[in-house]
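Breakdown of the fold
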Amino acid sequence: MTRQTLRRRSALSLAILLCTLPACTALTANQKAAVSQFSASATTLGDVTSSELKGMRDDTIKMTTERLLLGGVSSDPNLADPTTLDRGFELKRIETVSGATRALAAYGKSLAALVDDTQSAELKAASNDFVASLGRVPQAKEKLSDKQLEAIGTAVQEVGGLWVEWKRKQALTTIVKESRGAVEQLCDLLARDFDPRTGWVAQQLLVVEAPLVGQAADALASARTYNDRKNTLEAFRLAQSSRMRRTEVVTRVADTAKAMKKANDALAQAADNAAWSVQDIQSFAERARSLQTAVKTLVSE
Amino acid sequence: MANTLGEELSDSLSNITELIVKTQSKSDRTRLLKQQAQIAGQLQVFVDKVVDETLPEYDAAAEALNDANAEAEAAKKKLDKVAGTIKKFAAAIDKLAALAAKVAAA
């Protein structure tokens, strides 16, 4: 076999590799966009839920303090007293659930980091270095023209890019499949515990809020001065803010968690199937936006 | 079944709170406040029991997901290494060229 034949065969192999690999191994632009949308929504759900749990704890301390100021220690020993102002949203509870929601946010950020193209510029710089080094080898300098060196640089860059894209898809597929069980379980837990009727989060908020409203109503009925009424209305305002969290925010967290479960299922299926359905991912994104908007409205109030 | 108890206690607590807000009689309100505290206390005990069972589930799921996240981070680092590998090739070629020049000069 002559050297020329060998060179032709190598060129042909490289051409085939360049032409066929991208289609079968890389993520399409639509797939990348869908993963990015999913990632952003997962991050929103995780981050907003964590910050809302902290808000619930802060509100609990304020509401319990206000109840104790208005009515003194409760006749029922199971309710909070001056030594347990955060009763119901103790640090351990909040940290455990927040740890889980932060893991969901981290999952979203990990997927986003995997699909983000941070490699193109670095690959170009590396292939330029490679070509420059090759040009400094005397034998190569004698036999290769500048055009040929440039072609080698492009090939190195493209093969490197293909390798990255192939590994990117492989990594994404593995992570989504391996995380599927844990993500589904966390979504189920959030959907169950943030259910506005049956979940413990709403019920716990009610345990703190209702006795405060009772004491505030009693104090308002006996109030004689502007300042008396002002104090009771501050208690009603706190209870109102908690009620908004108990109804609006809690409902949206549960709905978004349910939507995330479906969207994650769509992601996992897409890893095996080229037909990528974005409908569930878009629905998840809408829920996440609604949650974010509701929280922004409550915070600005 | 457990959820039904939570729902019933929640409904009772909401209803009695509404009654307290609406009632005009001080003595009725005092009586209702005492009953409200009892119901709230029972709901608190119920929630405590539910949460005690729930927290280990969160811990287990979060741990599994954190492991997967660590794997994703490692995969991302591997992707970042491709450009580094090409640069290493370039450095190796430079060293070879320098060596060849020395040999030719000798």
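Please refer to the structure higher up on the page.
Bear in mind that the values here come from a model prediction, so they are computed numbers and not experimental data.

**Some points on the overall build of chain B**
On a plain count of helices and strands, chain B comes out with two helices and zero strands. In terms of overall dimensions, chain B is more spread out than a globule: its C-alpha atoms have a radius of gyration of 35 Å, far above the 13 Å expected for 106 residues. Its C-alpha atoms give chain B principal-axis dimensions of about 110 × 30 × 15 Å. In chain B, buried positions account for 30% of the 106 residues.

**Let's talk about helix 6 (residues 146–193) of chain A**
The end-to-end C-alpha distance of helix 6 of chain A, which contains 48 residues, comes to 66 Å, matching closely the 70 Å that a straight helix rising 1.5 Å per residue would cover. The principal kink in helix 6 of chain A, of about 50°, is found at Arg180 of chain A.

**A closer look at the interface of chain B and chain A**
At the junction of the two partners, chain B supplies 53 residues and chain A supplies 60 residues. Of all elements in the fold, only helix 1 (2–22) and helix 2 (26–105) of chain B reach the threshold of two or more residues within the side of chain B that touches chain A. Grouping the amino acids of the side of chain B that touches chain A by side-chain chemistry returns 30 nonpolar, twelve polar and eleven charged.

**Notes on the nonpolar core**
Counting 87 residues, the largest nonpolar core has Phe38 and Leu186 of chain A together with Leu65 of chain B as the members making the most contacts within it. Tallying contributions element by element places helix 2 of chain B first for this core, with 17 residues. Listed in part, the ten residues of the second largest apolar core include Phe130 and Leu134 of chain A together with Ala83 and Ala90 of chain B.

**Considerations on the packing of helix 2 (residues 29–71) of chain A against helix 7 (residues 200–221) of chain A**
Residue and element names in this part refer to chain A. Direction vectors running N to C along helix 2 and helix 7 enclose 30°, while the axes themselves pass 9 Å from each other. Of the possible angle classes, the one that applies to helix 2 and helix 7 is roughly parallel. Considering only the axes of helix 2 and helix 7, their crossing is left-handed. Here Met56, Thr60, Met63, Thr64, Glu66, Arg67, Leu70 and Gly71 of helix 2 come into contact with helix 7, specifically with Leu205, Val208, Glu209, Pro211, Leu212, Gln215, Ala216 and Ala219. Here the contact of helix 2 with helix 7 is built from residues that sort into nine nonpolar, four polar and three charged.

**Here's the deal with the environment of Ala254 of chain A**
Residue and element names in this part refer to chain A. Structurally, the position occupied by Ala254 is in helix 8 (residues 226–272). On the basis of neighbour counts, which here come to 25 C-beta atoms within 10 Å, the residue Ala254 falls in the buried class. Sequence separation of Ala254 and Ala191 is 63 residues, and the distance between their C-alpha atoms is 4.1 Å.

**Concerning the environment of Ala40 of chain B**
Here Ala40 of chain B is to be found in helix 2. When the C-alpha positions of Ala40 of chain B and Ser12 of chain B are compared, they lie 9.1 Å apart, and in sequence the two are 28 residues distant. Those residues in contact with Ala40 of chain B, other than ones at most four positions away along the chain, are Asp76, Leu79, Val207, Ala210 and Pro211 of chain A together with Leu13 of chain B.

Rules and cut-offs
- Residues numbered from 1 in each chain as written.
- Chains lettered and ligands numbered in written order.
- Predicted model: local features only at pLDDT ≥ 70, side-chain atom pairs only at ≥ 80, totals over all residues.
- Helix = DSSP H or I, 4+ residues; strand = E, 2+ residues; numbered from the N terminus.
- Rg over C-alpha atoms; globule rule 2.2 N^0.38 Å.
- Buried ≥ 20, exposed ≤ 12 C-beta atoms within 10 Å, placed from the backbone.
- Expected span 1.5 Å × (residues − 1).
- Bend = angle between axes of the 7 residues up to and from the residue.
- Contact = placed C-beta atoms within 7 Å.
- Nonpolar A, V, L, I, M, F, W, Y, C, P; charged D, E, K, R; others polar.
- Core = buried A, V, L, I, M, F, W, Y, C linked by C-beta atoms within 7 Å.
- Axes fitted to C-alpha atoms, helices over the stretch in contact; angles between N-to-C directions.
- Parallel < 35°, antiparallel > 145°, perpendicular 65-115°, else oblique.
- Left-handed = near helix turned anticlockwise from the far one by under 90°.

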